[in-house]
There are 2 protein chains.
Amino acid sequence: MSQPPEGPDFSIADVAREGLIERPGTDPAPHDGTGRVDLSFTVHAKAEGGADVPPAQRSVRVPPGVTVFDAASWNGIAIDSTCGGHGTCHKCKIQITSDVEVPVTRHDARTFTAGQLSDGWRLGCLVHATRDLAVEVPPLTTRPKAATVGIGRQVILRPALQKRYVELDEATLSDQRTDLVRLTDAIDDLELTADLHVLRRLSTVLRESDFKVTAVVVDEDLIDVEPGDTTAARYAIAFDLGTTTVVGTLLDVGTGTPMAVTSMLNAQQPFGGDVITRISATMMDKDALGRLQEAAGRTLAELAEQVCREAGVDPAHVYEVAVAGNATMTALALGIDPEPLGVAPFVMSAAQPPSVLASDIGLSLHPRARAFFFPALGAYVGGDIVAGMLATGMDRDKRTRLFIDVGTNCEIVLSDGETILSTAAPAGPAFEGGAIRCGMRAADGAIEVITLDPHAEGDAPAVTLGVIGDVEPKGLCGSGLVDAVAELVKVGLLDASGRLVPDEDAKEIAPALANRLSRIGEERVFILHRPAHDTDPTECVYLSQRDVRELQFAKAAISTGWSLLLEELGLEHRDVQQVLLAGSFGSYLSPASAVRIGLVPQLPVLRIVAAGNVAGEGAKMALLSVRERAGALALLEEVTYVELSDRPDFNDAFVDQLGFKA
Amino acid sequence: MSQPPEGPDFSIADVAREGLIERPGTDPAPHDGTGRVDLSFTVHAKAEGGADVPPAQRSVRVPPGVTVFDAASWNGIAIDSTCGGHGTCHKCKIQITSDVEVPVTRHDARTFTAGQLSDGWRLGCLVHATRDLAVEVPPLTTRPKAATVGIGRQVILRPALQKRYVELDEATLSDQRTDLVRLTDAIDDLELTADLHVLRRLSTVLRESDFKVTAVVVDEDLIDVEPGDTTAARYAIAFDLGTTTVVGTLLDVGTGTPMAVTSMLNAQQPFGGDVITRISATMMDKDALGRLQEAAGRTLAELAEQVCREAGVDPAHVYEVAVAGNATMTALALGIDPEPLGVAPFVMSAAQPPSVLASDIGLSLHPRARAFFFPALGAYVGGDIVAGMLATGMDRDKRTRLFIDVGTNCEIVLSDGETILSTAAPAGPAFEGGAIRCGMRAADGAIEVITLDPHAEGDAPAVTLGVIGDVEPKGLCGSGLVDAVAELVKVGLLDASGRLVPDEDAKEIAPALANRLSRIGEERVFILHRPAHDTDPTECVYLSQRDVRELQFAKAAISTGWSLLLEELGLEHRDVQQVLLAGSFGSYLSPASAVRIGLVPQLPVLRIVAAGNVAGEGAKMALLSVRERAGALALLEEVTYVELSDRPDFNDAFVDQLGFKA
C-alpha cells in the first residue's frame, strides 16, 4: 500500500467523457434490507515520531449500501474527514484492494490521478459497500478524538454541531463577494446554507468584529456567526424523555465530556401515569394536547436550565439537543395529535419527526438551536428504543442478541447478526407497581430484592429483603415482584400453573415460610413483611394470588413476544448469546429471577446483562457523531416491525407462556 | 424514431455491476459559464384523433450543463413530466440520436430496456447537455398547459405550487404505514417532505375527511393537507417591489390567468425617494431598519389584500408569492441590514435570499405560504433585473441584445448570445424628475412628449406637448426631459457640448422658438409652457441650462456603462440587434429621443423596444414554472458582473460620452 495520493493528472472532463461520473446523492444504494456484507480493513498508522507501526486488521459486517467510511466510523476505525461525508473535503482517502470495479465519482476524479483510480484509491465516503471488500486505511494525518458512550462503544467524535473560527479578508471593489460567500469560501470543506436569521445578522457581525468570526454550524446549516473566537463553547443536551422520568445530560461536543446530568419527573404525570391515559386525555379534552405539550416543554426547559446552571454554561452556547422518547412522548412534545397511536390500528403520523428548532419544543437555548428527535419503528417501538439499539450496537454485532425494555409497554428487538426484528408487547402496569396490591414505584421503601430460605432455622431469616433507601418496607416494586414470584416458584410455594400451594403442602415444602401464607379477605397471600407493632395482615407488605396472575399475564405477553420473534428467525432459546435488559426497571431486575419466571429465555445468567439508560446513551451518541445519527436513521430501513396483535397464533403462544417452569 | 418504450428487461443490479449508474444530485454538471451548446429537437405530435403529423424542427442554444428537459421547457417545447425533473416520474422520455455516449442513470435503467438504452432513450431531465445533441421528442400523452407571459414568451405551466387530490385507503393492522407515508405513497411522482406544522394537522385532517384530502405542495415541500378536493383553489401573487411603486398580480397558477392586478406607492417613501436615502436612514437610526421592513411588509400586505378582494379569492388559498426587487428593497423587506450595499465596496449579504415564509415578510396568506425572492447579481444589479432578464429571455436569445433599466440607478445587461455581462451606472435623479428645476414624477400634469417646429408659422404651434392626464402642464417628467433635450439638439438650439446657443444664433436657427429662450435669475432657460394668465417666467414650465447638464451627466453615466460592455465583447453600436428599455420610465421614453441624446446606441429606432414592467412579468413566470425559476437562478452563474467604479478607463469614457452628436 502506497501513501495517500495527492492530486489528479487528468481533468474532470476526461472522466465525464468516459461516462464514469457518479454524483453523490441522498439516495442510498438499493438493498433489500436483509443480509450483510463483510468489510476487511487493514488500518495503517504512524507511531509518535513518524515511524510505521504494523497495520491492524479489523473485519466488520454491515448492511449492504452503507459507505465504507460509515462502516469504519461505526466500528471505531478512524479515517480522516472534516466534511461529514459529503465528498467535499476530499480527505477520506482509502484503497480498495479487492478485485472489483468500484464506480469513480466526480469527487474521486478531482482527488486522484488515473493511475491511483485504477489502483483502487477512492474517497471512502462515496464508496457504497454492495459486496465484500478489502480496504486499506492510510495513516491518519490528524488524531481523531473519540469518546466512550453507549454500552462501552468507542465513538469517533464528529458532532453535527461544529464551530469554525475564521479571519476573513475585508471586501474591496475588486473582491465584491457577498458576505455569505466570503464566509463559506473560508470553510470550503462544508457546503453551508444560511437561513434568514443568520443573514439578518451577518453583515453587522462581520464588520463589528473586523471580519474575525466563529461560524456555528449544525449539519450543514449555518445557524449563527459569532464575533471573535468562540470555538471553545460548543454544547448540546441529550434528553431521555421518559413517560415517567426525564433525564438531561449537558455535553461538551468538542470533547464528548458530560458536563452535568440531572433528572426529574415528567410534568405530564398529572394527566396519567402511562401513555394510554395521556392519549385518552387528549381524546376527552381538546385543550389537553396543548397542555401536555406545554408540560413536556416545561420539563425539558427546567432540566436544560439546571444542567447549564450546574455546569456554569451559558444556555445561548447550547446549539443542539437530541431527544429519545417513545412515539407518544415524541408526538406530545411536538404537539402532534397522538390519538391514532392509542387506538387500533396504531398508526404514527410520521416515523421520522421533522427537524425542528429547540424553541419549537419550549427550550430557551441558542435561538436557532436545533432539536433532533429519534425516529420510531412503530407506534409502540419508539425513538427511545431506536436510541437504545444505537447505544447497544444492535445492528453491528454479529452475535444473536435479544433486547428487552420492560415496562407497561415492553419493546423487544431480536437480531441474529443479519436480520433485525422488533415488536411490542402490552405488559400492562404490573412491572410499574400498578395493579399489584402492595405495588409501588421503585422509590424509597420499595422491596426490590427478595431471598427465601424454606428451611431457615433459629435466628437465620427465612425472608431476606433488599429495600430501596434501607428504610422500613412500604411496598413492592417491579423487580421485587419478579424476585418474589421467582423465589416462590423456586422453593415450590407457587406451582407451575402459578397457584399458591395449599397450606398443608406448604408446611412440608417450606417449613420456615409456611406461616407467611395467609388470607386477606377471600384471597390467599404470601406475607413478605410484617410491621413489628402490628399483626393486621392488611398492614403488611404481601404478594397476593391475584398479583401473581397479573405478573403471569405480563410476563406471558413479553415472552410470547420474543418467542414469536425467535420462531420467525428459526432460533432456540440457547441460540441467544446475549439478553440486554434496558431501562431503569431492567437495571434493577435480578437476571436469575428473570430466567426463573420465564421473562427471558432459559439461559445462563451471565448472558443476561442490565444495560441501564440506553436511550439516554443513544441520544448522547447522536449528538457526538453524525455517523452514529445516520446509523440510527438507517435502523428504520434495517429493522422489520412485527405486529403481534394481528397474528392468529398469538393467543396459543400466550397461553403456552402463562405457566412457570418448575 | 420508435414509440416511447415501456419498461426495462434487465435489472438495476445489472447496470450497477457495469458501473454505469449515475445518481441524480443537486450539483449541476460543471461548465465554465461561457459558450453554448446547440440542441436540435425533432418534436413529434399526434393530431386530434391520433393521426401522426409531420414532426417540427427546433434548434436552441443553451449554456452547457443544462438538462435537455430544461432546455426544451425554456424554449416552449413540451415534454411529458409530472415530477419537476427529479427523475422520479419517469415520464420525460426522449431519444438522443447523435452518435455520442450519454451516461445511463439509475432512473434510466429502471425505465428503459437495454436495447432502448443503446438506441439512445433516456429521461430528458437527467441528460445534461455538455455538447451539441440531436433529440427526438415523442408525442405528448397529456396536453400541457401554457401561458404567454413576459415579453411574449410561451411558458409551459409547471408551477412550484401544486395541489393533488387523493383518496387513501384507511389504515389496518396489516397496513400500519404512517399517515405521512400513506399520503406520499399516493403521490409517488414527487419526493415530498413535511414540516412540523403539517404533521401537527395530518392525522386529524385525514380522519375527519375520511382519508380524502388535497395535498398542497410547493416545490417538494408538503405545506398543508386540506380536507376534500380543493384543487381548483391554487393562487399565487407576483410582486414587483419597486423603490417607488409596488405592483401585485394575483395569479391562478393552474391556468396562468392573472385574476387581479393593483399597484400602490411603496410605503417606505417617507424615508426617502431612492435606495441611498433609505440606506442612510438605517445608518442614522438603529430603529429605521425595522420600520422600513414593516413599511415594505405593509405595502405588500395591502396589495395582497386588494387583489384577493378584487378577485374574490380567500387569502388562505394563496400559497406562494414571488418578489422581484432591487438588492436594497429585497434586503429591507427581509430585515437584512442594507448598509454594506450603500457604501463602497458595495457588498451584498447573499446573492440568493434564503427561502422564507410569506408571513416572514408580513403577509397574511396561507400560514405556510412560501415567498421566493429573485437573486441579485450585484449590489446594484438586483432581483428586479434578474426577473427582467428572465422575462425578456436575455440568456436564451441568439441575438446581440442590450437591456437598459433607466432610473436613479441604471442597470445594463449585454448579451451576444454567448456571453452575458451586466453592470450598473449611477445615473442620479435626473430621470426621476429630481434635480431638474421643473422636474416631477410621471404623474398628471407632467410633460412626457415634446415636439418642436423651429419654422412654424401662423397658427401652427412651434411647441407641441404631450401631457399626462391631458391637463395644464405642471412640470417635466423623465421622458419629457429626454424629449426636450433631444428636440433642442435636433433643431440646433443646444450645441454638441450641451450649451444653449446665444440668442442671436437662435433667431436664425429657429425663428419660431427663439422667443422661448429666456433667463431666470442668472441662468438661461428654454420655456416649454407659459400659463396664459401669467408671464412671470418662474411660473412657467422650462428647461434650464443646469437641467441639461444634469441630463448630460446621467446619460453619460449610462452610455459609458453600455459602451464599456460593448468594448468588453468587441462589439460596435451597429452589432446590437435589439435594445430593451425596461421599467416604467423606459416605456414612456421616445426611442428616437433616446437615440438622439445618446442614451442608447446609434441604431434604427425599430431596434429599440419599450419592454414595460419586465420585473413583474419575470415574477409571474417564476410562479408559473419551476423551469423558468431555475433559469433565473442559473443566471447567477451565467452573467458576469462588471464593476465600473473600479475601472481606470471609466473617467475617460465618461467624458467621451458627455456631449451630444450633432
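Since this is a predicted model, take the numbers as computed values, not measurements.

Every contact between the two is made by 51 residues of chain A and, on the other side, 50 residues of chain B. Interface of chain A and chain B: buried area, both sides summed, is about 4,500 Å²; carbon and sulfur atoms make up 55% of it. Where chain A touches chain B, the interface holds 0 salt bridges. Taken together, the links from chain A to chain B amount to 14 residue pairs in polar contact (both at pLDDT 80 or more). When residues in the side of chain A that touches chain B are grouped by element, the largest group, 7 residues, is from helix 6 (residues 196–208) of chain A. Among the residues forming the side of chain A that touches chain B, the class breakdown is 25 nonpolar, 13 polar and 13 charged.

For these two chains of identical sequence, chain A goes onto chain B by a turn of 180° and a shift of 0.0 Å along the axis, with RMSD 0.1 Å. Both chain copies can therefore be described as sitting about a two-fold axis. In this assembly, 96% of the residues forming the interface of chain A have copies in chain B that are likewise at the interface, indicating an isologous arrangement.

Residues and elements named next belong to chain A. Reading across the sheet, the 4 strands line up as 8-10-11-9 and stay open at both edges, with mixed pairing between neighbours. On the outer flanks of this sheet lie strand 8 (161–167) and strand 9 (193–194), each paired with one strand and no other. Pairing of strand 10 (residues 212–218) with strand 11 (residues 221–227) involves 6 bridges; the strand directions are antiparallel. The residue of strand 11 that forms the bridge with threonine 214 is glutamate 226. Docked against the sheet, helix 6 engages strand 9, strand 10 and strand 11, running at close to 25° with respect to strand 11.

What the domain assignment reports for chain A is domain 1 (12–143), domain 2 (161–227), domain 3 (235–373) and domain 4 (387–662). Measuring from the centre of the C-alpha atoms in domain 1 of chain A to the corresponding centre in domain 3 of chain A gives 37 Å.

All names here are of chain A. The strand order across the open sheet built from 6 strands is 28-27-18-19-20-29, with neighbouring strands paired in mixed fashion. On the outer flanks of this sheet lie strand 28 (608–612) and strand 29 (639–641), each paired with one strand and no other. Averaged over all pairs of adjacent strands, the angle between strand axes in this sheet comes to 25°, irrespective of strand direction. Here 5 bridges tie strand 18 (residues 401–405) to strand 27 (residues 578–582), and the two strands are oriented parallel to one another. Bridged to arginine 401 within strand 27 is glutamine 578. The sheet contacts of helix 18 (residues 626–638) involve strand 20 (420–426) and strand 29, and relative to strand 29 the element is tilted by about 50°.

With that out of the way, let us pick up unusual backbone geometry. Residue proline 345 of chain A follows alanine 344 of chain A across a cis peptide bond; omega there is 5°. Mapped onto the secondary structure, proline 345 of chain A falls in the loop between helix 10 (339–342) and strand 16 (356–357). At aspartate 210 of chain A, a position not held by glycine, the phi torsion is positive, near 50°. Mapped onto the elements of the fold, aspartate 210 of chain A is located in the loop between helix 6 and strand 10. Phi angles above zero are rare outside glycine, and histidine 90 of chain B is one such case at about 60°. Tracing the backbone through its elements, the reader meets histidine 90 of chain B in the loop between helix 2 (68–74) and strand 3 (93–96). Residue classification places histidine 90 of chain B among the partly exposed positions, given a relative accessible area of 22%.

With respect to the secondary-structure elements, aspartate 195 of chain B resides in the loop between strand 9 (193–194) and helix 6 (196–208). Engagement of the side chain of aspartate 195 of chain B in a polar contact is seen with the backbone nitrogen of histidine 197 of chain B, the distance being 3.0 Å. In this structure the side chain of aspartate 195 of chain B is engaged in a polar contact, spanning 3.1 Å, whose partner is the backbone nitrogen of valine 198 of chain B. When residues no more than four places from it in sequence are discounted, the contact partners of aspartate 195 of chain B are Pro354 of chain A together with Leu222, Arg368 and Arg370 of chain B.

The next subject is the pairing of strand 20 (residues 420–426) of chain B. Here is the key point about a regular strand: its side chains alternate between the two faces of the sheet. Residues and elements named next belong to chain B. Burial analysis of strand 20 places 6 of its 7 residues in the buried class, which makes it a mostly covered element. Bridge analysis of strand 19 (residues 409–415) against strand 20 gives 7 bridges, and the strand direction is antiparallel. Opposite isoleucine 412, over in strand 20, you have threonine 423 as the bridge partner. Connecting strand 19 to the antiparallel partner strand 20 that follows it, the hairpin turn spans 4 residues, and glycine 417 within it adopts a positive phi of roughly 90°. Two strands pair when backbone bridges link them, and strand 20 and strand 29 (residues 639–641) are joined in this way by 3 bridges, in the parallel orientation.

Let us now look at the confidence of the model for chain A. Residue and element names in this part refer to chain A. Mean pLDDT over chain A works out to 88, with 93% of the residues at or above the 70 mark. Note on residues 7–33: pLDDT is under 50 here. Beyond four places in sequence and across chains, it has 61 contacts. Confidence estimates for the predicted assembly give a pTM of 0.83 and an ipTM of 0.82.

Cut-offs and rules
- Residues numbered from 1 in each chain as written.
- Chains lettered and ligands numbered in written order.
- Predicted model: local features only at pLDDT ≥ 70, side-chain atom pairs only at ≥ 80, totals over all residues.
- Heavy atoms only, no water.
- Contact = heavy atoms within 4.5 Å.
- Buried area = accessible area lost by both parts, 1.4 Å probe.
- Salt bridge = Lys/Arg side-chain N within 4 Å of Asp/Glu carboxyl O.
- Polar contact = N/O pair within 3.5 Å; in protein donor to acceptor, adjacent residues only side chain to side chain.
- Helix = DSSP H or I, 4+ residues; strand = E, 2+ residues; numbered from the N terminus.
- Nonpolar A, V, L, I, M, F, W, Y, C, P; charged D, E, K, R; others polar.
- Least-squares fit on C-alpha atoms with pLDDT ≥ 70 in both.
- Pairing = 2+ DSSP bridges.
- Axes fitted to C-alpha atoms, helices over the stretch in contact; angles between N-to-C directions.
- Domains from an automatic or database assignment.
- Buried < 20%, exposed > 50% of the residue type's maximum accessible area, 1.4 Å probe, protein only.
- pLDDT = per-residue confidence, 0-100.

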